[in-house]
Amino acid sequence: SAPVVPSVTRLLIDGKFVDSSNGKTFPTIDPRTGGTICEVAEATEHDVDAAVRAARRAFDEGPWPKMSGRERGRILNKFADLLEASLEELALLETLDNGKPLNF
């Protein structure tokens, strides 16, 4: 099978995938080979502050705190379904990142 390569290597801030504010990246290393898997955006202090502000704003002003427990549960179950749908790809990516073999 073809090698698994991460499809998103940018930062997720305020619901958008963005490059780091200074454009820097860092290599994710395959511990089995020492080779680079991919380059990942390197968050700056500014990026982290922006992400925290966006998360706080989303929690304080967004729909989540106003939802009933049932509504939040429905969304969390949908999220779990999406994770399960990508389970093999996520497992392969994590295995590549930590260098341990994976057997299905």
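Structural data are supplied above this passage.
Residues numbered from 1 in each chain as written. Predicted model: local features only at pLDDT ≥ 70, side-chain atom pairs only at ≥ 80, totals over all residues. Heavy atoms only, no water.

Trainee: What am I meant to see in the overall build of the protein chain here?
Mentor: Scanning the protein chain from N- to C-terminus turns up three helices and four strands. Of the regular secondary structure in the protein chain, the N- to C-terminal order runs β-β-β-β-α-α-α. Taking 13 Å as the expected radius of gyration for a compact globule of 104 residues, we find that the protein chain reaches 17 Å, considerably beyond that expectation. The principal-axis extents of the C-alpha atoms in the protein chain amount to approximately 50 × 40 × 20 Å. The buried share of the protein chain, taken over its 104 residues, is 15%. Across the protein chain, the fraction of contacts at a sequence separation of at least 24, relative to all contacts at a separation of at least 6, is 40%. Charged side chains of the protein chain number 13 positive and 17 negative; the gap between the two group centres comes to 7 Å. (Helix = DSSP H or I, 4+ residues; strand = E, 2+ residues; numbered from the N terminus. Rg over C-alpha atoms; globule rule 2.2 N^0.38 Å. Buried < 20%, exposed > 50% of the residue type's maximum accessible area, 1.4 Å probe, protein only. Contact = heavy atoms within 4.5 Å. Lys, Arg positive; Asp, Glu negative; His and termini not counted. Charge placed at Lys NZ, Arg CZ, Asp CG, Glu CD.)

Trainee: Quick question: what am I supposed to make of the environment of Ala41 here?
Mentor: Mapped onto the fold, Ala41 is located in strand E4 (residues 36-41). The spatial distance from the C-alpha of Ala41 to the C-alpha of Ser20 is 5.6 Å, given a sequence separation of 21 residues. Every residue in contact with Ala41, bar those within four places of it in the chain, is listed here: Thr9, Arg10, Leu11, Ser20, Lys24, Thr25 and Phe26.

Trainee: Looking at this structure, I do not really get the pairing of strand E3 (residues 25-29). What am I missing?
Mentor: Pairing of E3 with E4 involves five bridges; the strand directions are antiparallel. Residue pairing across strands places Pro27 opposite Glu39, the latter belonging to E4. What sits between E3 and E4 in their antiparallel hairpin is a turn of six residues, with Gly34 showing a positive phi close to 80°. (Pairing = 2+ DSSP bridges.)

Trainee: Is there a simple way to explain helix H3 (residues 87-98) in this structure?
Mentor: Side chains three or four residues apart in an α-helix point the same way, a direct result of the helix having 3.6 residues per turn. If you check H3, its first and last C-alpha atoms are 16 Å apart, about what 12 residues at 1.5 Å a residue would give, namely 16 Å. Of the residues flanking the end of H3, it is Gly99, one or two places downstream, whose phi is positive at about 80°. (Expected span 1.5 Å × (residues − 1).)

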